[in-house]
Each structure stands twice: as structure tokens, then as C-alpha cells.
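Survey of secondary and tertiary structure
Here's the letter readout for the chains.
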Amino acid sequence: MKRTLVYAACILLSFLLQSSFFSYMAPADIVPNLLIIVTASIALIRGRSEGCVVGFFAGLLMDVSFGSYLGMYALCYMAVGYLLGYFNQIYYEEDITLPLILIGFADLLYGLFMYMIHFMTRGRFDIPFYFGRIILPEVIYTVIISIFLYRLMLFICKKLDKKGSEDFIA
């Protein structure tokens, strides 16, 4: 139960920071994707099932707040959590290189998925413009922020493991 509450608090805090604080401090209207960082971090640290569930609820929160179609963000975040959970087997806590690369890759996939849903379906096929102005700067900004946020998520997960809290997923 404690792990569930901590994950819910992390998702909610990340969502609030992403949609309020970072939106006002956004250079060139680019906001780091904190929910991708939280989803990817938990997937890398705890595995596919917890990454998938955390991704689903993070995406559902985005769907309810900003989504034009219910389930679009939930599907995207859930897929990110599930796919990155496979890397839990080769994950090494002290090495931050692999998580940063995977978080950047996850945000890149997220950006391409959102491009396909929001722009290609409306007949806008200018991918170089969208990639250079939105996707790539967001990936860079997200990776920079993930240096700090990933360490925080690792610390939180270690504390939860030390206290002997029950598993999030049975």
C-alpha cells in the first residue's frame, strides 16, 4: 500500500510540475516530459509490470487533462513502461548512462507517436520541422532533467525496498 501511495504521489507531483512550473519556465515553449522520466525510471528499477501500471496511470492523467482522445496518452506511456521494463535485467544502479539513453529514446518514441496522432492525421507531413523544433529539443531537455529526477526516483525506490513495503503488483 505504501508503494502505491508513493507512486501516486510521484505521478501527481510530476504532472503538476510539468503542467504548471515547467510550462511557465519553458524556453521556446519546450517542456520536459517528467511523466516519461517517472515511468521509465520505475520500469528500469522495478520491471515491466510496475512500469506498465505506472505508465498507464500517468497517461490516463494526461488523457483526462489534455487528451483529445481518451486512452491515447495512457497507451503511449504504458507501452513505454512495458518496453523499458525489459531493460531491468541488464540495469545496473550505479551506471546512469543506460537510463539516460533509454529515457531519451522513450521521449523520442513518445514525440514521434504524438506527431503521428496529432499532425499526420490532419495532413501535416513536415516531420523535419516538427522534429527539429519540438521533438529533439524536448528530448534534450528531458534527458537533462532526468539526470536529477532519475536519481531521486532511485533513492525513493531504495527507501521503499529497505522498509520492506509490499509489492505494487502481486
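Let us look at the structure shown here. (Residues numbered from 1 in each chain as written. Predicted model: local features only at pLDDT ≥ 70, side-chain atom pairs only at ≥ 80, totals over all residues. Heavy atoms only, no water.)

Attention now moves to the pattern of salt bridges. Counted by the stated rule, this structure contains three salt bridges. Linking Asp161 and Arg3 is a salt bridge whose minimum nitrogen-to-oxygen distance equals 2.8 Å. Here Asp161, found in helix H6 (residues 127-162), pairs with Arg3, found in helix H1 (residues 2-24); they are 158 residues apart in sequence, far enough to count as distant. The shortest N-O distance in the salt bridge between Asp161 and Arg46 comes to 3.2 Å. Here Asp161 is found in helix H6, whereas its partner Arg46 is found in helix H2 (residues 34-46), with 115 residues between them in sequence. (Salt bridge = Lys/Arg side-chain N within 4 Å of Asp/Glu carboxyl O. Helix = DSSP H or I, 4+ residues; strand = E, 2+ residues; numbered from the N terminus.)

The terminal C-alpha atoms of helix H5 (residues 97-118), which comprises 22 residues, lie 31 Å apart, in line with the 32 Å expected from a rise of 1.5 Å per residue. Residues of H5 that are buried include every one of Pro99, Leu100, Leu102, Ile103, Gly104, Ala106, Asp107, Tyr110, Gly111, Met114 and Tyr115, and no others. On its buried face, H5 is in contact with H2, helix H3 (48-66), helix H4 (72-85) and H6. (Expected span 1.5 Å × (residues − 1). Buried < 20%, exposed > 50% of the residue type's maximum accessible area, 1.4 Å probe, protein only. Contact = heavy atoms within 4.5 Å.)

Applying the stated rule across the entire model yields eight aromatic pairs. Seen in terms of ring centroids, Phe15 and Phe66 are 5.9 Å apart; in terms of plane orientation they differ by 45°. Their pairing is tilted. Within this pair, whereas Phe15 is found in helix H1, its partner Phe66 is found in helix H3, the two being separated by 51 residues in sequence. The class of Phe66 is partly exposed, set by a relative accessible area of 49%. Relative to Tyr110, the ring of Tyr77 has its centre 5.5 Å away and its plane inclined at 50°; by these criteria the two rings are tilted. Taken as a pair, Tyr77 in helix H4 and Tyr110 in helix H5 lie far apart in primary sequence, 33 residues in all. Each of the two residues, Tyr77 as well as Tyr110, counts as buried. Counting every residue linked through ring pairs, the aromatic cluster contains Phe21, Phe22 and Tyr141. (Phe/Tyr/Trp six-rings, centres within 6.5 Å; stacked < 30°, edge-to-face > 60°.)

You can see Asp63 is positioned in helix H3. Classification of Asp63 as buried rests on a relative accessible area of 3%. At 2.9 Å, the side chain of Asp63 and the backbone nitrogen of Gly71 are in polar contact. Setting aside anything within four residues of it in sequence, one finds Asp63 in contact with Tyr69, Leu70, Gly71, Met72, Tyr73 and Ala74. (Polar contact = N/O pair within 3.5 Å; in protein donor to acceptor, adjacent residues only side chain to side chain.)

Taken as a whole, the largest pocket encloses approximately 470 Å³ of empty space. Gln18, Val31, Met62, Tyr110 and Glu138 are, among the 23 residues lining the largest pocket, the residues nearest its centre. Mapped by element, the contributors of at least two residues to the lining of the largest pocket are H1, H3, H5 and H6. Here the second largest pocket is characterised by a volume of approximately 200 Å³. Lining the second largest pocket are 13 residues, and of these Leu13, Ser14, Leu17, Leu149 and Leu152 sit closest to its centre. Counting only elements with at least two residues in the lining of the second largest pocket, the list comes to H1, H2 and H6. (1 Å grid on protein atoms, 1.4 Å probe; cavity = no way out; pocket = protein on both sides within 12 Å on 5 of 7 lines; lining within 4 Å. Points joined across faces, edges and corners; volume = space filled by probe spheres on them.)

As a further point, take the packing of H4 against H5. When two helices pack together, their arrangement is given by the angle between their axes and by how far apart the axes lie. The contact between H4 and H5 brings their axes to 11 Å, and the two run at 150°. One way to sum up the angle between H4 and H5 is to call them roughly antiparallel. Crossing of H4 over H5 shows right-handed handedness. Facing Met72, Tyr73, Cys76, Tyr77, Val80 and Leu84 of H4, the residues of H5 in contact are Leu102, Ala106, Tyr110, Phe113, Met114, Ile117 and His118. The class makeup of the residues in the contact of H4 with H5 is twelve nonpolar, one polar and no charged. (Axes fitted to C-alpha atoms, helices over the stretch in contact; angles between N-to-C directions. Parallel < 35°, antiparallel > 145°, perpendicular 65-115°, else oblique. Left-handed = near helix turned anticlockwise from the far one by under 90°. Nonpolar A, V, L, I, M, F, W, Y, C, P; charged D, E, K, R; others polar.)

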